[in-house]
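So you can see what is in the structure, the chains are spelled out below.
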Amino acid sequence: DVKVTQSSRYLVKRTGEKVFLECVQDMDHENMFWYRQDPGLGLRLIYFSYDVKMKEKGDIPEGYSVSREKKERFSLILESASTNQTSMYLCASSSPYRGNYGYTFGSGTRLTVV
Amino acid sequence: GQQLNQSPQSMFIQEGEDVSMNCTSSSIFNTWLWYKQDPGEGPVLLIALYKAGELTSNGRLTAQFGITRKDSFLNISASIPSDVGIYFCAGSTGANSKLTFGKGITLSVRP
């Protein structure tokens, strides 16, 4: 069963901590994405990557960075966590060469910053 | 960034009822997709539509790609309790374009 795996389902971190959210996909997809989801705001794109070592800012990149050293892994980094980064974080992957152009999502990481 | 228009934000229906959701845009899309997100999970693709006017079914779900390419609808027939969740529409302009999402509609089904 093909999948996108996010390393943690729930995470509680303190304000000011550096936080790493990991995402791994086993579908050999070229594209990977990080979204945050908040009630009433839908899915908002933080960063995306079309290839290894490549990254592009999405709509809300402030306070975040990413790393893609290997094709299958895309990490989201909160440099100094703040309470307004408490949210559900969703990783997704896709390929422009196969299928329906849709994304496959992970199960999400619910991050609470206290 | 641009978002597709989905409203209302929440819908409440009785088990057994049909429900229809639509999604509109000011821009043209070449592919329309519908996702469902169960509580506490990530969104899962329900239906993908590739041609204007296309009507596609998946069990009790039916979706249509609008002729203008600026809208799509999803219909759920004979709703059941496990239909609860958030339904997102998404549009794509091409193979390597980012998806544009609606804000989602939260569906509640009363037994």
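Everything below is about the structure shown above.
So, here is what we can say about the structure in this document. Keep in mind that what you see is a predicted model, and the values were worked out from it rather than measured. (Residues numbered from 1 in each chain as written. Chains lettered and ligands numbered in written order. Predicted model: local features only at pLDDT ≥ 70, side-chain atom pairs only at ≥ 80, totals over all residues. Heavy atoms only, no water.)

1. Considering the interface of chain B and chain A
- Residue-level contacts link 25 residues of chain B with 23 residues of chain A.
- Our count for the chain B to chain A interface comes out at one salt bridge.
- Sorting the residues of the side of chain B that touches chain A by element identifies strand 4 (31–37), strand 5 (44–49) and strand 9 (85–92) of chain B as the ones contributing at least two each.
- Ranked by the residues each element gives to the side of chain B that touches chain A, the list is headed by strand 4 of chain B, at four residues. (Contact = heavy atoms within 4.5 Å. Salt bridge = Lys/Arg side-chain N within 4 Å of Asp/Glu carboxyl O. Helix = DSSP H or I, 4+ residues; strand = E, 2+ residues; numbered from the N terminus.)

2. Some points on the pairing of strand 6 (residues 55–58) of chain B
Residue and element names in this part refer to chain B.
- As paired elements, strand 6 and strand 7 (residues 61–65) share four bridges and run antiparallel to each other. In the strand pairing of strand 7, Thr-56 is matched with Ala-63.
- Between strand 6 and the antiparallel strand that follows it, strand 7, lie two residues; Gly-59 among them carries a positive phi value of about 65°. (Pairing = 2+ DSSP bridges.)

3. Points about the pattern of salt bridges
- Taken as a whole and assessed by the stated rule, the structure comprises ten salt bridges over all chains.
- Measuring nitrogen to oxygen at the nearest pair gives 2.5 Å for the salt bridge that ties A:Glu69 to A:Lys53. Here A:Glu69 is found in strand 8 (residues 64–70), whereas its partner A:Lys53 is found in the loop between strand 6 (42–49) and strand 7 (56–57), with 16 residues between them in sequence.
- In this structure, B:Asp83 and B:Arg60 form a salt bridge, with 2.8 Å as the shortest nitrogen-oxygen distance. With B:Asp83 in the loop between strand 8 (71–76) and strand 9 and B:Arg60 in the loop between strand 6 and strand 7, this residue pair connects regions lying 23 residues apart in the sequence.
- For B:Asp83, a relative accessible area of 6% gives the class buried.
- Taking the relative accessible area as the measure of exposure, B:Arg60 reaches 28% and is therefore partly exposed.
- Beyond isolated ion pairs, a larger network of salt bridges with shared partners links A:Asp28, A:Glu30 and A:Lys71. (Buried < 20%, exposed > 50% of the residue type's maximum accessible area, 1.4 Å probe, protein only.)

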